Structure formats: structure tokens, C-alpha cells
Amino acid sequence: MPPSIDTLTLTRPDDWHLHVRDGEALNTVVPHTAAQFGRAVIMPNLKPPVTTAAQALAYRSRIAAAVPRGMSFEPLMTLYLTDNLPPAEIARAKDAGVVALKLYPAGATTNSDAGVTNLRKTYRTLEAMQRAGLLLLVHGEVTSPDIDLFDREAVFIDQQLIPLRRDFPELKIVFEHITTREAAQYVESAGAFTAATITAHHLLYNRNAIFLGGVRPHFYCLPVLKRELHRQALVSAAISGAPQFFLGTDSAPHPAHLKEHASGCAGCYTAHAAMELYAQAFDAAGALDKLEGFASFFGADFYGLPRNSGQITLRRETWTPPASFAFGAAELKPLASGEALQWRLQN
Ligand code: NCD
Ligand code: ZN
């Protein structure tokens, strides 16, 4: 594919890491994702979290009700792993079509108070998952206050992930939204049962984006943006064609007034222009020909699901997405609100 290409047609992609929230918010964010992706893995960090198969089924119906008529979109449901999620729930989850459980270390991020305090407490449930073929999706950050915020992912690999990998050699693990060179290197060498998602914002921005010209809360997410050498390592991984790296937006909507706040929420909203943002990142790296594998093939293959059959087309076109969206009674400001993009999805 020549680097100057202006039209890009891809097999319909999937988003392997997405937050859509609940209630009225669904009507804003679900149509954005459904316009681009065939499927998305839905994060379970609601308040209270989604911890049973029955809750996941009910949540799936609420999401499906927010898909605009004429669009086909399949939410892939997950459960929130807690210290005491019973192993018996795994069989019910499998029967309900749940694809994975999400591990949040307690206190690591938005709505993670019910998260795991000690991985050992979950071992019987992890054994049941390994047997049933359910994936474990990992928010890979330690939470100790004595570990520097920017080092929490790298420390997690040594303290938690390597022992976990050793104890459950055939559990499929996705290291979610990786942000460091250490994580990319780990996943590259961790074997066939380990993969990683990478967000568009971690491919496009380094940590300067949070501070340039004043604190910019809409660039604050967890794991936080890192320095430039890490961004470059993530780009190299994403464009490498290695199948263990695939697309997961981690689009995480919050009301604007809670991000523009003395203690602003973590999470960047990117679902309104997800593929446009990824196309921009791959284009900047001269690797548009590697976008389809990353966005449309490798995730489905790792999850053991069929690849999608439809297509989407992106065109090189300068346009500016809306600066904000209605979000229930509040306002939702996307990442890089008000800035022009260079690619546009065609209807
Ligand atoms: C996510 C959210 O808001 O739910 N926030 C974020 O910064 N990514 C939670 C998460 O994935 O860590
Ligand atoms: Zn997330």
C-alpha cells in the first residue's frame, strides 16, 4: 500500500476494551461505537460492578437497546473479578456468553473499590476460567502508594503478572491498555496465551499532553500517559504485525464537570472517532497497511471468535468532530476536543 493512500477499506474492526457506562449515557456512546465496530468488549466497572452472569445479561440487553436501528453491533460481556467471586459463577458466565473477567487491583482506577486485594484469593476462580476458556483481562498497575505513579505498570509485571503467568500457563491473559516499553517487551516474549490492547491515545500522545499550556484534564487517564520513548515503543508494537497486539480504545466517558475538577476523573473519551484516531497514528508511522490486522483480525483470533465479514472505509479528509456531546443531563468532551482530524469514517 503506498504511503500516500487516501482511502482505506478494512474488514469491520472490533474494540477489545470499552466503557459504555449505563442508563442515559448509553444513548450517547453506544451509537458512536456501533457506527465503527462490529463488536466491543464491555468493561464491567459499573457502580455496583457487574459480578454475575445474570447482571451481565441484563446489562447486555440495556446496551443492545441503545444500538440505533439498522446497525448491527454485538456487545461482548465481562464480569468484574473480586476477592470472592465464586468459581461456580464461571460456568454460568460461560453459558451466558460472557467472554472474560476483568481484574482491577483494588483502588487502581475508576470504580475499582471492589477490586482484588490479593490475587491468591482468586486462584480457584482463575482455575475455573482456565478450564472454561474464559479470558482474564488485566488492569496492570500496582496500587502501593510508595510506588511512583509512572512506574506502576512496570512494577506490576514483576510483582504480579510474571507469577500469575507461571501459575496459570494456559489462562488467556490480555494485558489491557499497555503504556510502557516494559509492557510491550513483556507481551512480545510471553508466549501464545498472552496479548495486549493498545489505545489510540497512548499511540498519539505522551505525558506532555496533560500539561502543555496548563493542566488538560481530558488527557488524563489510567494508566497515565508516559514519556515519549514509551509512546514510540507502543507504536512499534502496534505496527509490528505481531498478533499479540490489538485494538482496545479504553474509551472511558465521564461528565465534563467531573474531569474539569479539583480531583478530576481518569478516562479519555475516544469512541466518537476511534478508527480515525488509530488511522492517524498508523499513518504517522507510515504503517497504514498494518492497521487491519491490529484492528480487525488479531483480537478476534486471540479470543477464538470469527473475524467480522463486513467492511468500513476511512477517507483522508480534514474535519473537526463536535467539541462536546450531550451525556444525560451533563456534557461529554472527547479527547482533543475541537482539534481537526485527518481521517474520516465514511457512512
Ligand atoms: C477507566 C474508567 O473511567 O472506567 N478509566 C481510565 O482512565 N481508563 C477505567 C480504566 O480502564 O482504568
Ligand atoms: Zn478501561
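Structure's up top.
Residues numbered from 1 in each chain as written. Chains lettered and ligands numbered in written order. Predicted model: local features only at pLDDT ≥ 70, side-chain atom pairs only at ≥ 80, totals over all residues. Heavy atoms only, no water.

### Quick word on the overall build of the chain
What the chain contains, in helices and strands, is 11 helices and 13 strands. Principal-axis analysis of the C-alpha atoms places the extent of the chain at approximately 50 × 45 × 45 Å. Counting across all 347 residues of the chain, residues that qualify as buried make up 57%. Long-range contacts, defined as pairs at least 24 residues apart, comprise 73% of the intrachain contacts of the chain with a sequence gap of at least 6. Accessible surface, the chain: about 13,900 Å² in total, of which carbon and sulfur atoms supply 50%. Charged side chains of the chain number 31 positive and 33 negative; the gap between the two group centres comes to 2 Å. (Helix = DSSP H or I, 4+ residues; strand = E, 2+ residues; numbered from the N terminus. Buried < 20%, exposed > 50% of the residue type's maximum accessible area, 1.4 Å probe, protein only. Contact = heavy atoms within 4.5 Å. Areas by Shrake-Rupley, 256 points an atom, 1.4 Å probe, with all protein chains shown as cover. Lys, Arg positive; Asp, Glu negative; His and termini not counted. Charge placed at Lys NZ, Arg CZ, Asp CG, Glu CD.)

### Thoughts on the sheet that holds strand E1 (residues 7-11)
Read across the open sheet, the 3 strands follow the order E1-E10-E13; overall the sheet is antiparallel. Edge positions in the sheet fall to E1 and strand E13 (341-345), since each has one partner strand and no second. Adjacent strand axes in the sheet meet at a mean angle of 30 degrees, parallel and antiparallel pairs treated alike. Where strand E10 (residues 311-319) and E13 come together, 4 bridges link them in antiparallel fashion. Across the sheet, the residue bridging to Leu-314 is Leu-345, located in E13. In the packing of helix H10 (residues 274-284) onto the sheet, the strands contacted are E1, E10 and E13, and the crossing angle to E13 comes to about 130 degrees. (Pairing = 2+ DSSP bridges. Axes fitted to C-alpha atoms, helices over the stretch in contact; angles between N-to-C directions.)

### Some remarks on the site of ligand 1
As a matter of local geometry, ligand 1 sits amid 15 residues, with Arg-21, Asn-45, Thr-109, Leu-222 and Asp-250 nearest to it. At 3.1 Å from an oxygen atom of ligand 1 is found a side-chain nitrogen or oxygen belonging to His-19. In the model, a nitrogen atom of ligand 1 is placed 2.7 Å from a nitrogen or oxygen of the Asp-250 side chain. In isolation ligand 1 offers 310 Å² of accessible surface; the protein chains occlude 100% of this area. Broken down by class, the residue content of the shell around ligand 1 amounts to 4 nonpolar, 9 polar and 2 charged. (Near = heavy atom within 4 Å. Polar contact = N/O pair within 3.5 Å; in protein donor to acceptor, adjacent residues only side chain to side chain. Nonpolar A, V, L, I, M, F, W, Y, C, P; charged D, E, K, R; others polar.)

### A word on helix H3 (residues 88-95)
Every buried residue of H3 is accounted for by Glu-89, Ile-90 and Ala-93. The arc enclosing the buried residues of H3, seen along the axis, measures out at 105 degrees, which places them on a common side. Looking one or two places after H3, you find Gly-97, whose phi comes out positive at around 90 degrees. (Arc of directions from axis to C-beta.)

### Side note on the sheet that holds strand E7 (residues 173-175)
Strands sit in the order E2-E3-E4-E5-E6-E7-E8-E9 across an open sheet of 8 strands; the sheet is parallel. A strand with exactly one partner marks an edge of an open sheet, and here the two such strands are strand E2 (15-18) and strand E9 (245-247). Neighbour to neighbour, the strand axes of the sheet diverge by 30 degrees on average, direction disregarded. Contacts from helix H5 (residues 152-167) reach strand E6 (135-138), E7 and strand E8 (194-198) within the one sheet, and its direction differs from that of E7 by about 175 degrees.

### Some details on the pattern of salt bridges
In this structure the tally under the stated criterion is 13 salt bridges. Residue Asp-14 is joined to Arg-39 by a salt bridge in which the shortest nitrogen-to-oxygen separation is 2.8 Å. Residue Asp-14 is located in the loop between E1 and E2, and its partner Arg-39 is located in strand E3 (residues 39-42); the two are separated by 25 residues in the primary sequence. Exposure class is identical for Asp-14 and Arg-39. Each is buried. The closest approach of N and O atoms between Lys-121 and Asp-83, which form a salt bridge, is 3.9 Å. With Lys-121 in the loop between strand E5 (100-103) and helix H4 (123-132) and Asp-83 in the loop between strand E4 (74-80) and H3, this residue pair connects regions lying 38 residues apart in the sequence. Overlapping salt bridges, with partners in common, bring together Asp-6, Asp-283 and Arg-316 in one network. (Salt bridge = Lys/Arg side-chain N within 4 Å of Asp/Glu carboxyl O.)

### Points about the packing of aromatic side chains
Applying the stated criterion to the full structure yields 11 aromatic pairs. For the pair Tyr-205 and Phe-219, a centre-to-centre distance of 4.9 Å together with 75 degrees between the ring planes defines the contact as edge-to-face. Placement of the pair is Tyr-205 in the loop between helix H7 (200-204) and helix H8 (228-238) and Phe-219 in the loop between H7 and H8, with a sequence separation of 14 residues. Neither residue differs from the other here; Tyr-205 and Phe-219 are each classed as buried. Feature note: the residues Trp-16, Phe-246, Phe-302 and Tyr-303 constitute an aromatic cluster, connected by ring pairs. In this structure, Lys-172 packs its charged tip against the face of Phe-302, placed 5.6 Å from the ring centre. Note that Arg-307 overlies the ring of Phe-297, its terminal NZ or CZ placed 4.1 Å from the centroid. (Phe/Tyr/Trp six-rings, centres within 6.5 Å; stacked < 30°, edge-to-face > 60°. Lys NZ or Arg CZ within 6 Å of the ring centre and 35° of its normal.)

### Concerning the pairing of E10
Bridge analysis of E1 against E10 gives 5 bridges, and the strand direction is antiparallel. Counterpart to Leu-10 in the pairing with E10 is Ile-312.

### Here we look at the nonpolar core
One finds Leu-126, Leu-136 and Leu-291 to be the most contacted residues of the largest nonpolar core, which totals 90 residues. Ranked by residues supplied to this core, first place goes to H10 with 7 residues. Setting aside its immediate chain neighbours within four residues, Leu-136 contacts Leu-81, Leu-101, Leu-103, Leu-126, Met-129, Leu-164, Leu-171, Lys-172, Ile-173 and Val-174. Counting 18 residues, the second largest nonpolar core, distinct from the first, contains Val-41, Met-43, Val-99 and Ala-100. (Core = buried A, V, L, I, M, F, W, Y, C linked by side-chain atoms within 4.5 Å.)

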